[in-house]
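The residues making up each chain are set out below.
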Amino acid sequence: MHRPVQRVGRAPRLTRILVSAAAVPVMLVAAGCSSDSDSGDDAQKSASATPDSKVSESASADVVQPAAYAALPEPCSVLSKKTLGELVPKGSKSGKEGKSDDAAQRGNCNWSSLDNNGVKGSQFRWLNVALLRFDSDTRGAGDEQAHAYFEKQVTGAQSVEGAKGVKSEPVAGTGDEATAVRYDLKKKEGAFKQQTIVARVENVVVTLDYNGAGLAGEKTPDAADLLKDAEKAAKEAVAAVTAANEGGGGASASSSESSSSSKASSGSKAPSKSASGSASPSKSAAKKD
């Protein structure tokens, strides 16, 4: 008799071969799943990193540069004795500084002069210099805010109630931008010739009001002469602001470098609070905020 050893032996071998063959696709499938999972994780990591980088770039773009000027000069010291002697000859030593809650941000000084000639009449002059500085903050760059306020001051000077013969013109060589506004204003004391010079240098706005009148029969002063004097004083006041920030007084490394950059800035909303002075017999409404 022959034992069925061969058949018995072949069956287990065939079973093992089939099992091994079936295991190959399972391993391939498992490897494929593992590969897909890894690529998905990489894609997710890449996607999550992209928004962060965009936020970082956006935050960098939104950083506001510090304002160029961080200080203001003493308001009553912005004009030389010589200039005051020409504009307010009888009141060059009578400068009155206005009250300010922050001298580094706002200030003003005014002078009045009355040259009394008795029955021949009198010549009256009034001068006010107001300084207002803007810091860079959430509202925008300091020079942009100053530009917006500059435009507001010019518009205010051009729309004074009761003003006659309003004329405006740019003033050269006075800060980054400057405009002169002049007009006639009739008041109970007499006929006044008003000159308002609004100038911006970096993040500071200088508003200079100068008016004159002939009282009690004295002749009215020449408007062209008053304007010439006012422009000279405005240039001097702007120079005083720049000098107060030289040698590290400003927030920037160099006021000259920041000056070139500020000339390219555009306007934005600025605070309406003014640093203008108190009333005089010929107070100009241009100083209203």
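Given the structure is predicted, the values throughout are model-derived calculations rather than measurements.

Reading the values: the criteria
- Per chain, residues are indexed from 1 in the order of the written sequence.
- With pLDDT at 70 or above as the cut-off, local features in this predicted model cover only qualifying residues; side-chain atom pairs require 80 or more to be listed or tallied, and sums for whole chains, interfaces and linings still use all residues.
- Hydrogens and waters are ignored; side-chain quantities use all the structure's heavy atoms.
- Two cysteine sulfur atoms form a disulfide, by the criterion used here, when they sit within 2.5 Å.
- The helix and strand labels rest on DSSP assignments: H or I over at least four residues marks a helix, E over at least two residues marks a strand, and numbering proceeds from the N terminus.
- When accessible area is computed with a 1.4 Å probe and restricted to protein chains, residues below 20% of their type maximum are described as buried, those above 50% as exposed, and intermediate ones as partly exposed.
- Any two strands with at least two DSSP bridges between them are considered paired.
- Contacts between residues were defined by any pair of non-hydrogen atoms, one from each residue, lying within 4.5 Å.
- Axis definition: a line fit to C-alpha positions, over the contact stretch in the case of helices; interaxial angles, taken between N-to-C directions, run 0 to 180 degrees.
- Take the buried Ala, Val, Leu, Ile, Met, Phe, Trp, Tyr and Cys residues and link them wherever side-chain atoms come within 4.5 Å; each set so joined is a nonpolar core.
- Between 30 and 60 degrees the pair is tilted, below 30 it is stacked and above 60 it is edge-to-face, where a pair is any two Phe, Tyr or Trp rings, Trp via its six-membered ring, whose centres lie within 6.5 Å.

## Some thoughts on the state of the cysteines
So, step 1. Under the criterion given, the structure shown has one disulfide.
So, step 2. A disulfide bridge connects Cys 76 with Cys 109, and the sulfur atoms are separated by 2.0 Å. With the S-S dihedral at roughly 95 degrees, the linkage between Cys 76 and Cys 109 falls on the right-handed side. In this pair, Cys 76 is assigned in the loop between helix 1 (5–61) and helix 2 (81–87) and Cys 109 in strand 2 (residues 106–116), connecting sequence segments 33 residues apart.
So, step 3. Residue Cys 109 is classed as buried on the basis of its relative accessible area, which comes to 0%.

## Let's talk about the sheet that holds strand 7 (residues 204–215)
So, step 1. Reading across the sheet, the seven strands line up as 1-2-3-7-6-5-4 and stay open at both edges, with antiparallel pairing between neighbours. Each edge of the open sheet is held by one strand with a lone partner, namely strand 1 (96–97) and strand 4 (164–170).
So, step 2. The sheet contact formed by strand 1 and strand 2 spans two bridges and is antiparallel. Across the sheet, Lys 96 pairs through a bridge with Asn 110, a residue of strand 2.
So, step 3. Sitting on the sheet, helix 4 (residues 223–244) touches strand 3 (122–133), strand 4, strand 5 (177–187), strand 6 (190–201) and strand 7, and the angle it makes with strand 6 is about 30 degrees.

## Some thoughts on the pairing of strand 5
So, step 1. Where strand 4 lies against strand 5, five bridges are found, and the strand directions are antiparallel. Opposite Lys 164, over in strand 5, you have Asp 184 as the bridge partner.
So, step 2. Linking two consecutive strands that pair antiparallel, namely strand 4 and strand 5, is a turn of six residues; a positive phi of about 65 degrees is found at Gly 173 within it.
So, step 3. Pairing of strand 5 with strand 6, which is carried by eleven bridges, proceeds in the antiparallel orientation. The residue bridging Glu 177 from the neighbouring strand is Arg 200, located in strand 6.
So, step 4. What sits between the antiparallel neighbours strand 5 and strand 6 is a turn of two residues.

## Notes on the nonpolar core
So, step 1. The biggest cluster of nonpolar side chains holds 32 residues, and the ones touching the most others in it are Leu 79, Trp 111, Leu 127, Val 129, Ile 197, Val 206 and Leu 208.
So, step 2. Those elements giving two or more residues to this core turn out to be helix 2, strand 2, strand 3, strand 5, strand 6, strand 7 and helix 4.
So, step 3. Top element by residues in this core is helix 4. It accounts for nine residues.
So, step 4. Ignoring any residue separated from it by four or fewer positions in sequence, one finds Leu 208 in contact with Leu 127, Asn 128, Val 129, Gln 195, Thr 196, Ile 197, Ala 230, Ala 233 and Ala 234.
So, step 5. Counting 14 residues, the second-largest nonpolar core is a separate cluster that includes Leu 132, Phe 150, Val 160 and Val 205.

## A short note on the packing of aromatic side chains
So, step 1. With the rule as written, the count across this model stands at two aromatic pairs.
So, step 2. Arranged with centres 5.6 Å apart and planes meeting at 55 degrees, the rings of Phe 134 and Tyr 149 form a pair that is tilted. Pair noted here: Phe 134 is in the loop between strand 3 and helix 3 (142–158) and Tyr 149 is in helix 3, with a separation of 15 residues, a long-range link.
So, step 3. Look at Phe 134 and you get buried, because its relative accessible area is 3%.

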